[in-house]
Number of protein chains: 2
Amino acid sequence: MKKRKFSFNQASVDYYLGGSISQLKEIADPRHTVLVTDENIYTRHAKRFKPWNTIVLKPGEAYKVQATADEIITQLIEMEADRKTTLVGVGGGVITDLTGYVASIYMRGIPFGFVPTSLLAMVDASIGGKNGIDVGVYKNLAGTVRQPSFILYDMSFLNSLPEKEWRNGFAEIIKHASIRDASMFAELEKNSLAFYRRRRADTDMLVRRNALLKTKVVQGDEFEEGDRKLLNFGHTLGHALENQYELSHGEAISIGMVYASSLSENLLGFKDKERVVGLLQKYGLPVRAEFDKDLVMKVLKMDKKRQRESISFILLKRIGKAVIQPISIEEIYRSL
Amino acid sequence: MKKRKFSFNQASVDYYLGGSISQLKEIADPRHTVLVTDENIYTRHAKRFKPWNTIVLKPGEAYKVQATADEIITQLIEMEADRKTTLVGVGGGVITDLTGYVASIYMRGIPFGFVPTSLLAMVDASIGGKNGIDVGVYKNLAGTVRQPSFILYDMSFLNSLPEKEWRNGFAEIIKHASIRDASMFAELEKNSLAFYRRRRADTDMLVRRNALLKTKVVQGDEFEEGDRKLLNFGHTLGHALENQYELSHGEAISIGMVYASSLSENLLGFKDKERVVGLLQKYGLPVRAEFDKDLVMKVLKMDKKRQRESISFILLKRIGKAVIQPISIEEIYRSL
């Protein structure tokens, strides 16, 4: 297990690479640590949770809501958790978001860490300190920005990751490549989902590369006043679709990336829309969806990146180079 | 209206002294501002709210809970509030706490300010950035520490403040005097509640003195690792009593200050317990209560200042000089 420290404005975060959850004891004291996970992960890996106080939640994005946060808080009170208690989220993005959110408000803030178990959480959700819950159809409408103390990478969790979850992770990986890393984009075009599922050393490298890419973007702009916005490529329309149409996060942002690529073509003369579409398809992701334009506009209007009458959209100038472009709500409506 | 800027770690806060809520327009743009208040204040001062989008809540500590935060969030969504919206709490401590809390989590944080309308909010609750909600009998169990952009003092709100609320405010003023300001303590002994209700220029001075005292303590220790803890004098037992016995905050901490004074006498040889008791009585505050020791211990154990097997109690060495003293849970049980 190798430790690397990354500094952010508020705090620094220890990344433990090539580790195992059995080494969590070296980082967090079992007497004063509470793990948060979901039923799927708990059932699959029951033995790994034995030494720990664990709160087990129902799985799925539908539970990323205040009622679940309330439930975690109730259990923490029953366990007499205090300000010296560390909360550790072991799971995918729903678990890391809920854990970071509750740890940020419980007793006005207690320490927390993550053991991401899905590809998506490893390359994206566990990194950067954003956390939150959904309110109705509005994704992450409530939350905070607060860095975890540590992220422990245990790649063996990928052994039992369902195929659908691999695709979700690759949606964010393709996003990273599209906005920042043309050579990674080319590598993804050359390889395939089956390749990475088989060749774990390559997956390990890919995860590190993506974790580092996102970390660097966040370090440069923790509170999303500039470049961090680029990470929202595909997420504006994606979020508006996700909770309304019960798409997975990866599916929703895949459709969002196709839409943003079309906008890029029309507004900036982006020439490689077909490469983006082709890569998403290669990794089993959907590239179109039927949806109710008016309903989607209603949700889009509540996007956190909206400023009065326009929304900051992330567009591509070319593969590997994204820009922020404010687009008026009217123009979005016309283009949908 | 005079503006004074105070800097904290995270941000600086503008205090507008000697102002009027009619001047709020000079600070916040009515088109992009939402006021939060309660029914009592709204009914009493309806005209003052006319130019503003306002969320009106049921009054009272019983509503300082997540369900009310959810309600505010729902209304903000309906109003299409975005990250550029400023939330302004106009009210007592319940309103300022709820406003600061919701503003800290809505869209991961929007700007906010306060117009404190009660004496307690003016001298204490609106200052220092702590916000939160109660969870069951546990006071402020969930919350954040985040500074408002501004605090606007409009002393005319005190004209309609009920007598009971004056007493609540004086409980915190007596606390400030006890821990930090022996000469203010002597001044309070000389004067009376009736005196301050009549002599508004003196009240104005007293409010400024208390606001400044608390501000200085918080500036020195925003995240409560040291001296800020002193502000919890009377609050440890006070909070444990407050929501269980439906005492007002002032009543509860008054009893808590008497208890802490007794502990100070026994453990530190504090000689002026009777002066503390006498001053609290002079300002109409209760100095004893019957309570269920086991129930109170159960809540005390969840105090945010607990660290494992002891709680940091605030004791007095003398009037004007407080110290932090960890006391074991067992010893507290014996002494109750």
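## So, the overall build of chain A
Within chain A, the secondary structure is distributed over 14 helices and 12 strands. Against the compact-globule benchmark of 20 Å for 336 residues, chain A has a radius of gyration of 19 Å, which places it among compact chains. In terms of principal-axis extent, the alpha carbons of chain A reach across some 60 × 40 × 35 Å. Put simply, chain A has 336 residues, and 59% of those count as buried. By sequence separation, contacts in chain A at least 24 residues apart represent 69% of the contacts at least 6 residues apart. When the accessible surface of chain A is totalled, it reaches about 13,000 Å², and 47% of it is carbon and sulfur. One way to put it: in chain A the 49 positive side-chain charges average out to a point 5 Å from where the 41 negative ones average out.

## Quick notes on the sheet that holds strand E6 (residues 112-116) of chain B
Residues and elements named next belong to chain B. Across the sheet, seven strands lie side by side as E1-E2-E9-E6-E5-E3-E4; this open sheet has mixed pairing. In this open sheet, the two strands that pair with only one neighbour each are strand E1 (2-7) and strand E4 (53-57). When the angles between neighbouring strand axes are averaged without regard to direction, this sheet yields 20 degrees. With three bridges connecting them, strand E2 (residues 12-17) and strand E9 (residues 150-152) associate as parallel partners.

## Re the interface of chain A and chain B
Listed per partner, the contact involves 34 residues of chain A and 34 residues of chain B. Interface of chain A and chain B: buried area, both sides summed, is about 3,300 Å²; carbon and sulfur atoms make up 57% of it. At the junction of chain A and chain B, the tally comes to zero salt bridges. Remark: the boundary between chain A and chain B carries seven residue pairs in polar contact (both at pLDDT 80 or more). By residue class, the composition of the side of chain A that touches chain B is 13 nonpolar, eight polar and 13 charged.

## Looking at the sheet that holds strand E9 (residues 150-152) of chain A
All names here are of chain A. Pairing in this open sheet of seven strands is mixed, and the strands run E1-E2-E9-E6-E5-E3-E4 from one edge to the other. Each end of this open sheet is capped by a strand with a single partner; those strands are strand E1 (2-7) and strand E4 (53-57). Ignoring which end each strand starts from, the neighbouring axes of this sheet average 20 degrees apart. The sheet strands contacting helix H3 (residues 66-78) are strand E3 (33-38), E4 and strand E5 (86-91), and the helix crosses E4 at an angle near 155 degrees. Against the sheet, helix H4 (residues 93-105) touches E3, E4, E5 and strand E6 (112-116), its axis set at about 165 degrees to E5.

## Looking at the packing of aromatic side chains
Residues and elements named next belong to chain A. Evaluation of the coordinates by the stated rule reveals 16 aromatic pairs over all chains. On the basis of an interplanar angle of 70 degrees and a centroid distance of 6.5 Å, the ring pair of Tyr16 and Phe150 is categorised as edge-to-face. With Tyr16 in strand E2 (residues 12-17) and Phe150 in strand E9, this pair connects stretches of sequence that are 134 residues apart. The pair Tyr16 / Phe150 is uniform in exposure class, with both members buried. The ring of Phe157 has Arg48 sitting right over it, with the charged end atom 4.6 Å from the ring centre.

## Structural notes on the packing of helix H10 (residues 235-245) of chain A against helix H13 (residues 293-300) of chain A
All names here are of chain A. Where H10 meets H13, the closest approach of the two axes is 9 Å, and the angle between their N-to-C directions is 115 degrees. As for how H10 packs across H13, the hand of that crossing is right-handed. Touching Thr236, Leu237, Ala240, Leu241, Gln244 and Tyr245 of H10 are Leu295, Val296, Val299 and Leu300, all from H13. Across the contact of H10 with H13, the residue classes break down as eight nonpolar, two polar and no charged.

## With respect to helix H11 (residues 249-268) of chain B
Residue and element names in this part refer to chain B. With 20 residues, H11 should reach 28 Å at 1.5 Å per residue; the first-to-last C-alpha distance of 27 Å fits that figure. Counting buried positions over the 20 residues of H11 gives 16, a clear majority of the element. Gly269 occupies a position one or two residues after H11 and carries a positive phi of about 70 degrees.

## Remarks on the confidence of the model for chain A
Summarising the model, chain A shows a mean pLDDT of 95, and 100% of its residues fall at 70 or more. ipTM for the predicted complex: 0.93, alongside a pTM of 0.94.

## So, the environment of Gly250 of chain B
Residue and element names in this part refer to chain B. Within the fold, Gly250 resides in helix H11. For Gly250, a relative accessible area of 0% gives the class buried. Between the C-alpha atom of Gly250 and that of Leu285, which follows or precedes it by 35 residues, the distance is 7.5 Å. Aside from chain neighbours lying at most four places away, what touches Gly250 is Asn168, Ala171 and Leu285.

## Let's talk about the relation of the copies chain A and chain B
A rotation about an axis combined with a shift along that same axis relates the two copies of the chain. Superposing chain A onto chain B requires a rotation of 180 degrees together with a translation of 0.0 Å along the rotation axis, leaving an RMSD of 0.0 Å. Here the two chains are linked by the operation of a two-fold rotation axis. Every residue of chain A has its C-alpha some distance from the rotation axis, and the shortest such distance is that of Gln66 of chain A, at 4.3 Å. Of the interface residues in chain A, 100% have counterparts in chain B that sit at the interface too, so the contact is made through matching surfaces.

## Quick word on the pairing of E1 of chain B
Pairing geometry for E1 of chain B and E2 of chain B, over six bridges, is antiparallel. Considered in E2 of chain B, the bridge of Phe6 of chain B is made with Val13 of chain B.

## A look at helix H10 (residues 235-245) of chain B
All names here are of chain B. Counted residue by residue, H10 has eight buried out of 11 residues, so it is predominantly covered. Turning to H10, its buried residues number three or more, namely His235, Thr236, Leu237, Gly238, His239, Ala240, Leu241 and Glu242. Lining the buried residues of H10 we find strand E8 (138-142), helix H6 (163-180), H11, helix H13 (293-300) and strand E11 (310-318). Trailing H10 by a residue or two, Glu246 shows a phi angle of about 50 degrees, which is positive.

Reading the values: the criteria
- Residues numbered from 1 in each chain as written.
- Chains lettered and ligands numbered in written order.
- Predicted model: local features only at pLDDT ≥ 70, side-chain atom pairs only at ≥ 80, totals over all residues.
- Heavy atoms only, no water.
- Helix = DSSP H or I, 4+ residues; strand = E, 2+ residues; numbered from the N terminus.
- Rg over C-alpha atoms; globule rule 2.2 N^0.38 Å.
- Buried < 20%, exposed > 50% of the residue type's maximum accessible area, 1.4 Å probe, protein only.
- Contact = heavy atoms within 4.5 Å.
- Areas by Shrake-Rupley, 256 points an atom, 1.4 Å probe, with all protein chains shown as cover.
- Lys, Arg positive; Asp, Glu negative; His and termini not counted.
- Charge placed at Lys NZ, Arg CZ, Asp CG, Glu CD.
- Pairing = 2+ DSSP bridges.
- Axes fitted to C-alpha atoms, helices over the stretch in contact; angles between N-to-C directions.
- Buried area = accessible area lost by both parts, 1.4 Å probe.
- Salt bridge = Lys/Arg side-chain N within 4 Å of Asp/Glu carboxyl O.
- Polar contact = N/O pair within 3.5 Å; in protein donor to acceptor, adjacent residues only side chain to side chain.
- Nonpolar A, V, L, I, M, F, W, Y, C, P; charged D, E, K, R; others polar.
- Phe/Tyr/Trp six-rings, centres within 6.5 Å; stacked < 30°, edge-to-face > 60°.
- Lys NZ or Arg CZ within 6 Å of the ring centre and 35° of its normal.
- Left-handed = near helix turned anticlockwise from the far one by under 90°.
- Expected span 1.5 Å × (residues − 1).
- pLDDT = per-residue confidence, 0-100.
- Least-squares fit on C-alpha atoms with pLDDT ≥ 70 in both.

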